[in-house]
Amino acid sequence: MAARGSGRVSVLLPTYNERDNLPLVVWLLVRTFSDSGIDFEIIIIDDGSPDGTQEVAQQLEKIYGSDKILLRPRARKLGLGTAYIHGMKYATGNFIVIMDADLSHHPKFIPEFIRKQKEGNFDIVSGTRYKGNGGVYGWDLKRKLISRGANFLTQVLLRPGASDLTGSFRLYRKEVLQKLMEKCVSKGYVFQMEMIVRARQLGFTIGEVPISFVDRVYGESKLGGNEIVSFLKGLLTLFATT
């Protein structure tokens, strides 16, 4: 794989049924990076979406160029962690940004992540909904209580040294993300939490940037009862093994 400049940022965008959101989030990413003068690439890892997400991604490759937009699909849904591993194989940046493709994470915060990383030479910069002027918009009370409760339980049981464990908007040094992926065994929503817990164990440094999380505009949330049960099981497993 061709080596690139040390300042290049590779964005990993796992997708499943995001044909309506993908053009918007890619446009916002391209505009943000271009306005900030940041070298970038966007790697779309689609897990066999039946709604035509891959066809949309192919059109975006043509519009913005295959050096900036890389579609690297998989045949079916295989999990978030393996999507990152798959995407990293094609990443040429020294820094990796992970984020949701459903417009809940606004790309405007990425330059702040980069500034924070340089400021403290951090290994990881995590977006936080629960610090400073961070927040959540568009969720009903039930969803907010579930998220707050999950975060509170995690803080009490694991003492991770970060304020938002279940968020999925982060910047990593590429080599740090690779090491963490080798250690993490969780699936689903527990995965993001385990990444921070393992980072603390391995002595990696974590900076935080307050972000605004906005509920998805198009499509349905993938959070359900099974995910909540899995989260609780995963939390107890981490508590017992870390």
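Just above sits the structure.
The rules behind each value
Residues numbered from 1 in each chain as written. Predicted model: local features only at pLDDT ≥ 70, side-chain atom pairs only at ≥ 80, totals over all residues. Heavy atoms only, no water. Axes fitted to C-alpha atoms, helices over the stretch in contact; angles between N-to-C directions. Helix = DSSP H or I, 4+ residues; strand = E, 2+ residues; numbered from the N terminus. Parallel < 35°, antiparallel > 145°, perpendicular 65-115°, else oblique. Left-handed = near helix turned anticlockwise from the far one by under 90°. Contact = heavy atoms within 4.5 Å. Nonpolar A, V, L, I, M, F, W, Y, C, P; charged D, E, K, R; others polar. Buried < 20%, exposed > 50% of the residue type's maximum accessible area, 1.4 Å probe, protein only. Pairing = 2+ DSSP bridges. 1 Å grid on protein atoms, 1.4 Å probe; cavity = no way out; pocket = protein on both sides within 12 Å on 5 of 7 lines; lining within 4 Å. Points joined across faces, edges and corners; volume = space filled by probe spheres on them. Core = buried A, V, L, I, M, F, W, Y, C linked by side-chain atoms within 4.5 Å.

Trainee: Whenever I open this one, the packing of helix α1 (residues 22–36) against helix α2 (residues 53–64) confuses me. Can you help?
Mentor: The description of two packed helices rests on the angle between their axes and on the distance between the axes. Running from amino to carboxyl end, α1 crosses α2 at an angle of 30°, the nearest separation of the two axes being 10 Å. Taken as axis vectors, α1 and α2 run roughly parallel relative to one another. Between α1 and α2 lies a crossing whose hand is right-handed. Across from Leu-22, Pro-23, Val-26, Trp-27 and Val-30 in α1, the residues of α2 making contact are Thr-53, Val-56, Ala-57, Leu-60 and Tyr-64. Class assignment of the residues belonging to the contact of α1 with α2 gives a composition of nine nonpolar, one polar and no charged.

Trainee: Explanation requested: the pairing of strand β4 (residues 95–98) in the structure shown.
Mentor: Two faces belong to every sheet, and in a regular strand the side chains alternate between them. Residues Phe-95 and Val-97 line one face of β4 and the alternating positions Ile-96 and Ile-98 line the opposite face, and both faces are buried. In terms of strand pairing, β4 meets strand β7 (residues 170–173) through four bridges, oriented antiparallel. Across the sheet, the residue bridging to Phe-95 is Arg-173, located in β7.

Trainee: Help me understand empty space enclosed by the protein, please; the structure alone is not making it clear to me.
Mentor: Gaps between atoms show up when a probe of the same size as a water molecule is rolled over them. Under the defined criterion, the tally for this structure stands at one cavity of 30 Å³ or more. Around the largest cavity sit His-105, Gly-127, Arg-129, Asp-164, Gly-167, Ser-168, Phe-169, Ile-211 and Phe-213, which together line it. Looking at the lining of the largest cavity residue by residue, the class counts come to three nonpolar, four polar and two charged.

Trainee: Looking at this model, I keep getting lost on the nonpolar core. Mind explaining?
Mentor: Side chains that are nonpolar tend, in soluble globular proteins, to be buried together. In this structure, Val-11, Leu-13, Leu-22, Val-26, Leu-29, Ile-42 and Met-99 are the most contacted members of the largest nonpolar core, which totals 34 residues. Sorting the residues of this core by element identifies β1 (9–15), α1, β2 (40–46), α2, β3 (69–71), β4 and α4 (110–120) as the ones contributing at least two each. Residue contributions to this core peak at seven residues, all from α1. Look past the residues within four positions of Ile-42 in its chain and what remains in contact with it is Val-11, Leu-13, Val-26, Leu-29, Val-30, Lys-68, Ile-69 and Leu-70. Counting residues in each nonpolar core, the second largest holds 27 residues, with Leu-12, Ile-96, Met-181 and Phe-191 among its members.

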